[in-house]
Amino acid sequence: MSQLKRIIWPKVVLFGDSITQFSFQANGWGSEIADKLVRKCDVVNRGLSGYNTKWAKIALPRVIDNSSADSSIAAVTIFFGANDCSLAEKNPQQHVPLQEYTQNLKDMVGHLTSVGVSTDKVILITPPPLHEPDWEKECHMKGCSLNRLNAVAGQYAEACVQAAGQCGVEVLDLWTLMQRGGQDFSTYLSDGLHLSDKGSQFVAQHLWALLEKRVDALPMILPYWGDVDNKNPEPCLLSHS
């Protein structure tokens, strides 16, 4: 028998901070996207809890390089800002100045395009809004004072939207969407910063609307069981992508 050709599964890479890292937990937005893409695409979680864009920019070439960024990548999400927008005087370790944050996003998109991931495959995601009363409670439990503000998160969200436009990539503006119509966005958050189950459903719903058109044409990998000839399965199973 001639050497079998290995199946190359397309990939959706989720690159972000803790909101991405925790997205594969029960009812998480990442796991919901992965469930939608079973048998069509691998969804790869590359969330890095606590990271900002300064560190992410350095790490990205170790996550996606020339050897991995080929035609198998269907989409990449870049979801940072919740740590970058920390107040400089309260949380200097994670804080990244607004202008630097904008440039870091552009640099990450630039890296992806340099290794073969076209801009139509890249989606930036803004930080979600911050519910200050709940997050202040979390901060006090950790022995510190409130170190983020929703208005500042909004500045970073706006910068993310602008960076996406300048790079020619799509953007999911969670900060705006979650507050549209003056709704109580606190229900989307578990602690004022991270997503609740409802928030994860919200992200999955809106992200899928952007991802679907990028993966809709991908075929199901390996045939539906009912299409396999039980008496002679080899031709079907060994030739099907």
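Residues numbered from 1 in each chain as written. Predicted model: local features only at pLDDT ≥ 70, side-chain atom pairs only at ≥ 80, totals over all residues. Heavy atoms only, no water.

Q: Pulling in residues and values, what's your account of the sheet that holds strand S5 (residues 170–172)?
A: Here we have five strands laid out as an open sheet, ordered S2-S1-S3-S4-S5, and parallel in their pairing. Edge positions in the sheet fall to strand S2 (42–47) and S5, since each of these pairs with one other strand and no more. On average, each strand axis in the sheet is inclined to that of its neighbour by 20 degrees, with strand direction left out of account. Sitting on the sheet, helix H2 (residues 29–36) touches strand S1 (11–16), S2 and strand S3 (73–79), and the angle it makes with S2 is about 160 degrees. Seen against the sheet, helix H4 (residues 98–114) touches S1, S3 and strand S4 (122–125) and runs at an angle of roughly 165 degrees to S3. (Pairing = 2+ DSSP bridges. Helix = DSSP H or I, 4+ residues; strand = E, 2+ residues; numbered from the N terminus. Axes fitted to C-alpha atoms, helices over the stretch in contact; angles between N-to-C directions. Contact = heavy atoms within 4.5 Å.)

Q: An account of the nonpolar core is needed here, citing residue identities and associated values.
A: Membership of the largest hydrophobic core comes to 35 residues, with the highest contact counts inside it found for Val12, Trp29, Leu37, Leu174, Met178, Leu207 and Leu211. Looking at this core, the elements with two or more residues in it are S1, H2, S3, S4, helix H5 (132–141), helix H7 (174–177) and helix H8 (197–215). Among the elements that make up this core, the one with the highest residue count is H8 (eight residues). Counting residues in hydrophobic clusters, the runner-up holds 29 residues, among them Ala56, Ile64, Phe80 and Leu105. (Core = buried A, V, L, I, M, F, W, Y, C linked by side-chain atoms within 4.5 Å. Buried < 20%, exposed > 50% of the residue type's maximum accessible area, 1.4 Å probe, protein only.)

Q: Describe in detail the packing of H4 against helix H6 (residues 150–167), supporting the description with residues and values.
A: Packing of H4 against H6 leaves a shortest axis separation of 9 Å and a crossing angle of 35 degrees. In terms of crossing hand, the pair formed by H4 and H6 is right-handed. Counted together, Leu98, Tyr101, Thr102, Leu105, Lys106 and Val109 of H4 and Gln155, Tyr156, Ala159, Cys160, Ala163, Gln166 and Cys167 of H6 form the full contact between these two elements. Split into classes, the residues belonging to the contact of H4 with H6 amount to nine nonpolar, three polar and one charged. (Left-handed = near helix turned anticlockwise from the far one by under 90°. Nonpolar A, V, L, I, M, F, W, Y, C, P; charged D, E, K, R; others polar.)

Q: I'd like a description of the packing of aromatic side chains, backed by residues and values.
A: Following the criterion strictly, the structure yields six aromatic pairs and no others. When the ring of Phe15 is compared with that of Phe80, the centres are 5.2 Å apart and the planes differ by 70 degrees; the resulting orientation is edge-to-face. Placement of Phe15 in strand S1 and of Phe80 in the loop between S3 and H4 is noted, with a sequence separation of 65 residues between them. Both residues of the pair, Phe15 and Phe80, belong to the buried class. Pairing Tyr188 with Phe202 gives two aromatic rings, centres 4.7 Å apart and planes at 50 degrees, and the pair type is tilted. (Phe/Tyr/Trp six-rings, centres within 6.5 Å; stacked < 30°, edge-to-face > 60°.)

Q: An account of the packing of H2 against H8 is requested, with residue identities and associated values reported.
A: Close contact between H2 and H8 brings their axes to 8 Å; oriented N to C, the two are set at 40 degrees. Taken together, the axes of H2 and H8 are oblique relative to one another. Considering how the two elements wind past one another, H2 and H8 form a crossing that is right-handed. Here H2 contributes Trp29, Glu32, Ile33 and Lys36 to the contact with H8, which in turn contributes Ser200, Gln201, Val203, Ala204, Leu207, Trp208 and Leu211. Looking at side-chain class alone, the contact of H2 with H8 contains seven nonpolar, two polar and two charged residues. (Parallel < 35°, antiparallel > 145°, perpendicular 65-115°, else oblique.)

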